[in-house]
Amino acid sequence: MSSSEPATKKQKTQEYVLYYWPGIPGRGEYVRLAFERSGTPYTEFNDGSKLLGILTNPKKVGHPTHFAPPALKLPSGRFISQTPAILNYLAPRLGLAGEKWVKISEKQKEGEKVEVGSEEYEGAEEERSTVNQLVLTALDLCNETHDVHHPVATEDYYEDQKDVSLRRAVSYRKNRLPKFLAHFERVLDCNPENKNGNTYLVGSRTTNADLVLFHVVSGVEFAFPIRVAALRKSGKYDKVFALKERIENEGGIKEYIESGRRQPFSMGLFRHYEELDAEE
């Protein structure tokens, strides 16, 4: 969904508005997945000619101003930006911060008070922080994948830094990508809740960490199909790929993909250049 109406500082809405560039999934996709998985209504502001003019203008967004999209306008009218900050804010509100926060939310809806600082509250916050920790690590992989095709300067074209990209790609394929996949495989393997083939990064329900890793692995597979096929065939990362397939078929995400609203990878964070890919 899209909108062309500019934001106003004090305007209150009944839903969230995602401010992001048009035409690419980009970092905005991580926020979309949280909304789609939880069935939370949201709209988008995608006018690229006005985005930065709004987000950097204190008369439009108040204090502080924002460096770049994605930014999220909250129902209160306030704005927050930076992908992990947005996800960490939304996690307990959308049921994506872990089982303990879900239980607290259910109690609060029934009018039961959970004291800040109580053992229950602190346990939920620790679990939420673990989710955020894994989100940040998955986003590190996202950034490293992007930097393969833009290792020198984001403002320059790929063709202007192709020689360095070719060198960077070797290290990425051989060392960095397997290292990240091995980390997440260990996390899945040592989660005591992953019984009977379950593939959850935290606890026994889907969190933002699962959604972010799903999208990153999908993007890496688009950018490096030959290398990912070889890594999948090795059998060393079966749980990671199983998590990706689980999320693809979960309620909310499955419908989102089938609707055609999920934008395809192209020339955004994840890009496919044949010369950068190899089995290794």
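Computed from a prediction, not measured in an experiment: that's the story for all the values here. (Residues numbered from 1 in each chain as written. Predicted model: local features only at pLDDT ≥ 70, side-chain atom pairs only at ≥ 80, totals over all residues. Heavy atoms only, no water.)

*Asks:* Run through the nonpolar core, naming residues and quoting values.
*Replies:* Counting residues in each nonpolar core, the largest one holds 59 residues, and the members touching the most others are Leu-201 and Val-216. Among the elements that line this core, the one with the most residues is helix α8 (residues 208–223), at 9 residues. Residue assignment places this core across two domains, with domain 1 (2–93) and domain 2 (127–276) each supplying three or more. If we ignore the near neighbours within four places in the chain, the residues touching Val-216 are Tyr-30, Ala-138, Leu-141, Cys-142 and Phe-270. One finds Tyr-19, Leu-51, Ala-71 and Phe-79 within the second-largest nonpolar core, a separate group that totals 9 residues. (Core = buried A, V, L, I, M, F, W, Y, C linked by side-chain atoms within 4.5 Å. Buried < 20%, exposed > 50% of the residue type's maximum accessible area, 1.4 Å probe, protein only. Helix = DSSP H or I, 4+ residues; strand = E, 2+ residues; numbered from the N terminus. Domains from an automatic or database assignment. Contact = heavy atoms within 4.5 Å.)

*Asks:* Please set out helix α4 (residues 83–93) residue by residue, giving values where relevant.
*Replies:* Among the residues making up α4, those that are buried are Thr-83, Ile-86, Leu-87, Leu-90, Ala-91 and Pro-92. Just beyond α4, the residue with positive phi is Gly-95, at close to 75 degrees.

*Asks:* Tell me about the packing of aromatic side chains, residues and numbers included.
*Replies:* Enumeration according to the criterion identifies 9 aromatic pairs in this entry. Here Tyr-19 and Phe-45 contribute two aromatic rings whose centre-to-centre distance is 4.9 Å and whose plane-to-plane angle is 25 degrees, an arrangement assigned as stacked. Placement of the pair is Tyr-19 in strand β1 (residues 16–19) and Phe-45 in strand β2 (residues 42–45), with a sequence separation of 26 residues. Pair check on accessibility: Tyr-19 and Phe-45 agree, each one buried. Ring geometry for Trp-101 against Tyr-121: centres 5.9 Å apart, planes inclined by 70 degrees, an arrangement best described as edge-to-face. (Phe/Tyr/Trp six-rings, centres within 6.5 Å; stacked < 30°, edge-to-face > 60°.)

*Asks:* I'd love a proper account of the environment of Ala-71, names of residues and values included.
*Replies:* Structurally, Ala-71 can be placed in strand β3 (residues 71–73). Distance in space between the C-alpha atoms of Ala-71 and Ala-91 is 16 Å, their sequence separation being 20 residues. Aside from chain neighbours lying at most four places away, what touches Ala-71 is Val-17, Leu-18, Tyr-19, Leu-55, Ile-80, Ser-81 and Ile-86.

*Asks:* Run through a negative patch on the surface, naming residues and quoting values.
*Replies:* Taken together, the side chains of Glu-155, Asp-156, Glu-159 and Asp-160 present a region of like negative charge at the surface. Tracing the backbone through its elements, the reader meets Glu-159 in the loop between α6 (119–149) and α7 (162–190). Under the relative-accessibility criterion, Glu-159 is labelled exposed at 57%. (Patch = residues over 30% accessible without salt bridge, like charges linked within 9 Å, V, L, I, M, F, W, Y side chains within 5 Å. Areas by Shrake-Rupley, 256 points an atom, 1.4 Å probe, with all protein chains shown as cover. Salt bridge = Lys/Arg side-chain N within 4 Å of Asp/Glu carboxyl O. Lys, Arg positive; Asp, Glu negative; His and termini not counted. Charge placed at Lys NZ, Arg CZ, Asp CG, Glu CD.)

*Asks:* Tell me about the pairing of β1, residues and numbers included.
*Replies:* The alternating pattern of β1 places Tyr-16 and Leu-18 and Val-17 and Tyr-19 on opposite faces, both of which are buried. By the bridge criterion, 4 bridges tie β1 to β2 in an arrangement that is parallel. Counterpart to Tyr-16 in the pairing with β2 is Tyr-42. (Pairing = 2+ DSSP bridges.)

*Asks:* Outline the sheet that holds β3, listing residues and values.
*Replies:* With respect to topology, 4 strands assemble into an open sheet ordered β2-β1-β3-β4, the strand pairing being mixed. The two strands at the open ends of the sheet, each matched to only one other strand, are β2 and β4 (79–81). Geometrically, the sheet is characterised by an average inter-axis angle of 25 degrees between neighbouring strands, direction not taken into account. Sheet contacts for α4: β1, β3 and β4; angle to β4, the most-contacted strand, approximately 120 degrees. (Axes fitted to C-alpha atoms, helices over the stretch in contact; angles between N-to-C directions.)

*Asks:* Outline unusual backbone geometry, supporting the account with residue identities and numerical values.
*Replies:* Put simply, His-63 and Pro-64 share a cis peptide bond, and its omega is 0 degrees. Among the structural elements, Pro-64 can be located in the loop between α3 (58–61) and β3. Pro-69 connects to Pro-70 through a cis peptide bond whose omega is 5 degrees. Located in the positive-phi region is Gln-82, a residue other than glycine, with phi close to 75 degrees. Looking at the secondary structure, you find Gln-82 in the loop between β4 and α4. Although it is not a glycine, Asn-196 sits at a positive phi angle of roughly 55 degrees.

*Asks:* Break down the domain arrangement of the protein for me, with residues and values.
*Replies:* It is common to give the size of an interface as the accessible area lost on bringing the parts into contact. In terms of domain boundaries, the protein breaks down into domain 1 (2–93) and domain 2 (127–276). Its C-alpha centre places domain 1 at a distance of 24 Å from the equivalent point of domain 2. Contacts between domain 1 and domain 2 engage 20 residues on the former and 28 residues on the latter. Together domain 1 and domain 2 conceal approximately 2,100 Å² of surface at their shared face, both sides included; 58% is due to carbon and sulfur atoms. Applying the counting criterion to the domain 1 and domain 2 interface returns 3 salt bridges. Close ionic contact of Arg-261 with Glu-36 constitutes a salt bridge, the shortest N to O distance being 2.9 Å. At the surface where domain 1 touches domain 2, the tally comes to 9 residue pairs in polar contact (both at pLDDT 80 or more). Elements with a contribution of two residues or more to the side of domain 1 that touches domain 2: α1 (28–38) and α4. Across the side of domain 1 that touches domain 2, the residue classes break down as 11 nonpolar, 4 polar and 5 charged. (Buried area = accessible area lost by both parts, 1.4 Å probe. Polar contact = N/O pair within 3.5 Å; in protein donor to acceptor, adjacent residues only side chain to side chain. Nonpolar A, V, L, I, M, F, W, Y, C, P; charged D, E, K, R; others polar.)

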